[in-house]
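Here are the chains, one letter per residue:
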Amino acid sequence: MTASVQPDGTRPRGRLGYRPSGRLTEFQLLVAPALMTIVGLLTIYLAPRSDLLWSWGDLWVSLVYAGMIAGISLAFSLFRFRADQLILPIVATLAGLGLLVIQRLQPDLAALDDNLAGLASRQIIYMTAGLVFMVALALFPPLLPLLRRYKYTALVLSLALLAVTFVFGVEVGGARLWLYLGPIQIQPSEIVKVTLIVFLAGYLDEKRDLLTGGWQIGAVTLPPLPWLLPLGLMWGASIATVIVLNDLGSGLLFFSIFLVMLYAATGRGWYVIVGLASFAVACVVLYQFFGRIAIRVQNWLDPFVDPYGGGYQQVQSDYAISSGGLFGTGLGLGQPWFVSQVHTDYVFAAYGEELGLLGTLAIVALYLFLVLRAFIIALNADDTFDRLVAIGIGATIGVQTLIILGGVVRLIPLTGITLPFVSYGGSSLLTNFVLIGLLLNISNRSNRRPRT
Amino acid sequence: MPRSIRLFALLLSAGLISGALVFGSDLTDARWLAVLGLAWVLLLVALWVPIPATVPAERRTVIRTAATITASFVALSVQLLRLQVVRGEANAERVAVSPEGEPISNPRRVNLGLDIRRGQIRSADGELLAGTEAIDEGWGRTYPQPAAASVLGYYSPLQFGVAGIEQAFDAELTGEETDNPLLELRDDVLHRTRAGNDVVLTIDFTLQRVASDAMAGRPGAVVLVELATGRVLAMVSNPAPDPAAIFAANYDQTDASAAYWAELIERADNPLVVRSTLGLYTPGSIFKVVTASAAIDQGLAEPQSMYLDDGVLEIAGRQIVENNRPDDSIINWSLEDSLAWSLNVVYAQVGLDVGADTLRDYADDFGFGAEIPFPTAVAQSQLEGQDGFLDSPPALAETAFGQGQLLVTPLHMVLVAAGVANGGRLMRPQILDRVVAPDGQVLRETAPEEWRTAMSEDSAATVADMMRHAVEIGVASGAYVDGLAVGGKTGTAEVAAEEPHAWFIGFAGTFADPAPRHAIAVVLENGGTGSIEVAREILVAAGER
C-alpha cells in the first residue's frame, strides 16, 4: 500500500477515506437500509397472511428506525461531523437486519415460550438506547484523551466486572454470564470488551518502547517484563473466564483482542504465535478435563453422532442453513424455530434458511467491510492511542463475528457469543454501539485535524 | 512475499477450494476442514503484500491484521457456499439414527411435504390409484384400489419416508421437478410452492385387478408386459403392505401407523420386500428357454435334434436323474419335446454342448447380471454366484436346466419371455406413461426403447414356436386356451426342505390376432403348482382386450 506523495511533500489525508464535504454520501447510502427495513417488515407482516391488507401502522417499528437513522445522519451534518461516511450505513444495515429477524422470530418463539413474547419491543428500546450512546460518544470531542487518562480505571473496571460475575453471576444455559440488578440484567463480559480495549490501548501505547526491548541473557532475548506481565494477566483472566464463567466465547475473544493489539503495538509476530500456542495448550488441557468442551469438538466435526443429545442444536442449525440453498425460503417463509437459541447465538441460522447463500454472503461481506473500514480509520489516525483503539474495535467486531459465525457453520467449534448488532440482547447491542461511537469519534478527530 | 509467489499461492488456493468443492462433495467434514485450512494459509500468503520499509511498523501491523481477517472471512464464505449450495440438498435431506435408535431428519421436509397437494397416481385406463384429499389441516393420501397397492409402495412423510413408485416419482408428485428449468428458477426466486403433478402409470387397472384376484393373496409375484413396448400392464407382489395404513396425515395418527409398521417388520414373510422387482428366486426349468436360445442361435441344435435320455446322466461322477419323462419306455427325445416335457437330462446335455462361455454370453445378452433400467430398484439376476462356477461340467449341466446358482427376479423373467416373442429384442420395461401438470399439460411421456438384443430374429421365432409347442402338448398345457396363441414354459424351482417355487413364463396374442402381444411371468412361492392357472386367467383377460 504505497501512498502517492503530493508535490509539496505531504501525503494526502484521507486518501483511503472520503474527503468530508457535508454528509451526502452517508445520507444516500442510508436509503438502502431504510428501504430494507421497511420492505422487509412488510414482507414479514404479509408472509403468513393470505390477504394483502396492511397499513403504515403495522410498520411503525421500521419507520421509527429509518427516521432515527436519518435523524442521526442529519445531526452529524449539522454538527459538521467529519467521521467516515460508510460506518453508519453499514451498521444501520446490520442493526436493521437484527431488528427484522427479531420481529420475524417473535411470534414463532412466543408460541414456544411465553418468556420470549416481548423480544421485539425490548430490542427496539435497546437499539434506541444504543444509538443515543453512539451519537453522544461520537460527538464528544475530549472523549479519547479522557479515556487515555483513565486507562487503569478501565483495567480495574474490567477485572471488577469479571470478579463480580464470578461471585454474583447467574447461570443461564450452563454459562455464568448474567448479573441481575433489580429488573435489569446485564452481561458484564460485553462491557468488558470496551474497557479492555481502552486499557490495552493506553497501556501498550505508553509502554511501546519498553515492549520492543528485552533482556539479553546469553544468546537469548527474553521478552520484557511489561510484556510478560499483561500477557500473564490476560491469559489468566481469559482462562478464568472459560473455567469459572463457563464462557468459552468471551475468553477466546478477550485473548484475541489482546493478541491483535499487542501485535499492532509492537509489530512482533511471534508474540502472537507464542500467545496463541499457549492458549491452544490450555484449551487442549481443558479438553481433557471438561466433557463440555469435548462435546463441542464432537459437534463441530459431526453433530449427527448424538443428534438428540449434545448435537441437537447444531443438527437443527445445519438443517436450517442448508435448507436455505441459494435463494433461501424468503423472509418469513422458513421454519427457523426448530433451532434453539435462534434469536441469540444461532440467529445466523435463521438468515441462512430464509435469505439463502446470497443473503448470508451479503451479511458476511457487510461485517468484513465494517472491519476493514475500522482498520482504514486506524491507518488514517495520527494519534497512536487512537489508532490502537480503532484497531481494537475492528479486531473485536471481526473476531467476534468469526467466532460465532465460524461456530454456527462448523468452521471451528462453537463457542457461544452474540453476533454483533444482530443477536437479541441489550448488553451486546449497547456495547457494540458504544464501540461504533468510539470509532466515529476517532475518525472525526483525524479528519478534522489540520493538514500539514 | 514476491508477486510471483503470491500469484501462485492465490491460484493454488482457488484451485484447492474449487477442486474440493466440485470433486470432494463426499469428503468428511474433518477432511474438508483440513483442505480449507490449507487454502486459508495459501490465501494468507497471497495477501501478504510487500510493504515498503518506509511504512512505520504500527501501520504495517494494521495491514497484516486486515489481511488475516480478510482471509478468514473468505474461508467463512467458502464454508457457507459448501454448506448451503454444494452440499445443501444432501445436508438438508440427511437422515441419521441416534445411538438410542431414534431416526432424525430435517423437520422442514416433513412440513413441506404436508403443505403440498401431492399429485395423483392413475392407471393408464384412468383409474385413481393414489389420491390426495383435503383434510382439516393439510392433505391426506388415499389409496382407493387395494389391488394396485403393491405397485405403489408407500408415502409416510412423518415417519417412514417414501418407497416404490411414490418414491421414484416423488419429485414429479411434489412438483419439485418440472420440464422447464426456467420456471423452476422463477419459482425458486419468487419462493412459490409448486403444485404437485399427476403421474399416469402404464398399468391397465382391469388387468391389474384380474392379476390380483388370480393370485388370491398367495405369496409370489406376477408381471404382465406389452412385449413390443415394454409397458408393464399389471404387476402384483404378495404379501404387500397396505399404504393406507402406513400413511399418517398428522401426529394423532402416527401411533396407529407405527403399530402397523412394527407388525410389518415382525412378520416372517417380509411384506416390505417387493417380490416383483426385488424378489430373487431360483428359476428352475424356465431357464431352459435361455439354454435353448443359446443352442439354436449358435446353430448347435434344432427343434428336431435328438438327444438320449434313459433316465439318468452321469457327469464327472455326478448323477442327474430324470423324473419328467411322460413315457419311460422312450429314450430318444427331440429338443422341442424335451422343452415341452421339461427333460433335465436332455437340457444338461444341451448346456454341455453350448459350453460355459457361450452360455455366459447369452445370459448376459438376456440381462443376467445387468442393472435393469426401471424407476424403482430392481435386483440383479445372477447366472453364477462365484466366478468360474460354470467351468465345472456338473455345475454347467445343472445351470442349463435351471438349478445351480441361478437367481432371478419376476420382472427380469417377463423380459426374457417378451424378448423371445419379440424377435429376440428385449424392450426396456416402462411403468411411467406420462406426467401431467395440474393444468393438464403433459410434461413428460415415455417412448418405447430397446434395451438389448438376445439373439437373431429367426432363432427367436424358433424358440417361440417351441414354447407354443410346450403349451400344446407338454407340462404347460394347462395354459392352453382355445383361440388364443399361447406359448410358455413352466418351472419348478427346488428350494431346500420346502415346497418348490412354481414358475410360469410365457406370451400370448389376442383373440383377434394370434401374433404375440403380451408376455407374463408368474411365481408362486413354495406353491408347488398353480402358476399356470394364474397365467392363463390373466392372458385370457388380456387377450380379450
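Residues numbered from 1 in each chain as written. Chains lettered and ligands numbered in written order. Predicted model: local features only at pLDDT ≥ 70, side-chain atom pairs only at ≥ 80, totals over all residues. Heavy atoms only, no water.

Going by this rule: UniProt positions are given in the numbering used here, feature names are shortened, and annotations may be inferred rather than shown by experiment.
Chain A is annotated in an unreviewed UniProt entry as FtsW-like cell division membrane protein CA_C0505 from uncultured Thermomicrobiales bacterium. UniProt lists a comment for chain A under the heading Subcellular location (unreviewed entry), and it reads "Membrane".

### Let's talk about the overall build of chain B
To keep it simple, the criterion reads: A run of H or I in DSSP becomes a helix once it reaches four residues, and a run of E becomes a strand once it reaches two; helices and strands are each numbered from the N terminus. The buried label goes to any residue with under 20% of its type's maximum accessible area, the exposed label to any with over 50%, and the partly exposed label to all in between, with areas taken from a 1.4 Å probe on protein chains only. Contacts were defined at the residue level, with two residues in contact if any of their heavy atoms lie within 4.5 Å. Only the protein chains shown count as covering a residue, and every accessible area follows the Shrake-Rupley method with a 1.4 Å probe.
Looking only at helices and strands, chain B features 21 helices and 21 strands. With 545 residues in all, chain B has 54% of them scored as buried. Within chain B, residue pairs in contact and separated by at least 24 positions form 66% of the contacts whose partners lie at least 6 positions apart. In the structure as shown, chain B presents an accessible area of about 22600 Å², 52% of it carried by carbon and sulfur atoms.

### Overview of the overall build of chain A
Tallying secondary structure elements over chain A gives 17 helices and 5 strands in all. Within the span of chain A, comprising 452 residues, buried residues form 56% of the whole. For chain A, the share of sequence-separated contacts (at least 6 apart) that also reach a separation of at least 24 residues comes to 71%. Of the accessible surface of chain A, which amounts to about 18000 Å², a share of 69% is contributed by carbon and sulfur atoms.

### Here's the deal with the sheet that holds strand β9 (residues 220–226) of chain B
Residues and elements named next belong to chain B. Note the cut-off: Pairing between strands is defined by DSSP: at least two bridges between them are needed. Fitting a line to C-alpha atoms yields each axis, with helices limited to the stretch in contact; the angle taken between N-to-C directions then spans 0 to 180 degrees.
If you walk across this open sheet you meet the 5 strands as β10-β9-β21-β20-β19, and the pairing is antiparallel. The open sheet is flanked by β10 (231–238) and β19 (486–493), the only strands paired with a single partner. Each adjacent strand pair in this sheet contributes to an overall mean axis angle of 5°, direction not counted. Where helix α20 (residues 457–473) meets the sheet, it contacts β19 and β20 (501–508), and its direction lies at approximately 75° from that of β19.

### Some thoughts on the nonpolar core
Rules: Only buried residues count toward a nonpolar core, which is a set of Ala, Val, Leu, Ile, Met, Phe, Trp, Tyr and Cys residues joined through side-chain atoms within 4.5 Å.
Ranked by size, the top nonpolar core spans 147 residues in total, and within it Met134(A), Phe348(A), Leu370(A), Phe433(A), Ile436(A) and Leu440(A) carry the most contacts. In terms of residues, this core owes the most to one element, helix α15 (residues 347–380) of chain A, which gives 18 residues. Contact partners of Ile436(A), with chain neighbours within four places excluded, come to Ile87(A), Val91(A), Met134(A), Leu370(A), Ile397(A) and Phe421(A). Among the nonpolar cores identified, the runner-up in size contains 97 residues, and Phe205(B), Val232(B), Ala301(B) and Ala363(B) belong to it.

### Remarks on the pattern of salt bridges
Short version of the rule: A pairing counts as a salt bridge when a side-chain nitrogen of Lys or Arg comes within 4 Å of a carboxyl oxygen of Asp or Glu.
Within the structure shown, the criterion is met by 34 salt bridges over all chains. A salt bridge links Asp386(A) to Arg445(A); the nearest nitrogen and oxygen atoms lie 2.8 Å apart. On the criterion of sequence distance, the pair formed by Asp386(A) in helix α16 (residues 384–408) and Arg445(A) in helix α17 (residues 426–448) is long-range, its members being 59 residues apart. Exposure class is identical for Asp386(A) and Arg445(A). Each is buried. Of the charged contacts in the structure, one is a salt bridge between Arg387(A) and Glu58(B), with a shortest N-O distance of 2.7 Å. One end of the pair, Arg387(A), is in helix α16; the other, Glu58(B), is in helix α3 (residues 57–86), on a second chain.

### Re α3(B)
Our working rule: Expected span of a helix: the number of residues minus one, times 1.5 Å.
Given a rise of 1.5 Å per residue, 30 residues ought to cover 44 Å, and the 42 Å separating the end C-alpha atoms of α3(B) matches this to within 8%. Most of α3(B) sits out of view: 21 of its 30 residues are buried.

### Some details on helix α17 (residues 356–365) of chain B
Selection criterion: Along the arc lie the directions from the helix axis toward the C-beta atoms.
Every buried residue belonging to α17(B) is among Ala356(B), Thr358(B), Leu359(B), Tyr362(B) and Ala363(B), and all of these are buried. Projected down its long axis, α17(B) shows its buried positions confined to an angular sector of 165°, all on one face.

### Regarding the environment of Glu354(A)
All names here are of chain A. When you line up the elements, Glu354 lands in helix α15. Along the chain, Glu354 and Pro336 lie 18 residues apart, while their C-alpha atoms are 8.2 Å from each other. Filtering out sequence-adjacent residues up to four positions away, Glu354 remains in contact with Arg104, Phe327, Gly328, Thr329, Gly330, Leu331, Gly332, Leu333, Gly334 and Pro336.

### Notes on the pairing of β19(B)
All names here are of chain B. Most of β19 is tucked away: 7 of the 8 residues are buried. Sheet topology note: the β19/β20 ladder contains 8 bridges and is antiparallel. Among the inter-strand pairings, Thr490 is bridged to a residue of β20, identified as Phe504.

### Quick notes on the packing of helix α8 (residues 188–206) of chain A against helix α11 (residues 248–266) of chain A
How two helices sit against one another is set out by the angle between their axes and by the gap between those axes. Residue and element names in this part refer to chain A. This is how the line gets drawn: When describing relative orientation, an angle under 35 degrees is termed roughly parallel and one over 145 degrees roughly antiparallel, while 65 to 115 degrees is termed roughly perpendicular and anything else oblique. Each crossing is labelled by how the near helix is turned from the far one, with a counterclockwise turn of less than a right angle marking it left-handed and a clockwise turn marking it right-handed. When residue character is reported, Ala, Val, Leu, Ile, Met, Phe, Trp, Tyr, Cys and Pro are called nonpolar, Asp, Glu, Lys and Arg charged, and the others, Gly included, polar.
Two elements in contact, α8 and α11, have axes separated by 10 Å at closest approach and are oriented at 20°. Accordingly, the angle class assigned to the pair α8 and α11 is roughly parallel. As α8 packs across α11, the resulting crossing turns out to be right-handed. Contacts between α8 and α11 involve Ser189, Val192, Lys193, Leu196, Ile197, Leu200, Ala201 and Leu204 on the former and, on the latter, Ser250, Leu253, Phe254, Ile257, Phe258, Met261, Leu262 and Ala265. The class makeup of the residues in the contact of α8 with α11 is 13 nonpolar, 2 polar and 1 charged.

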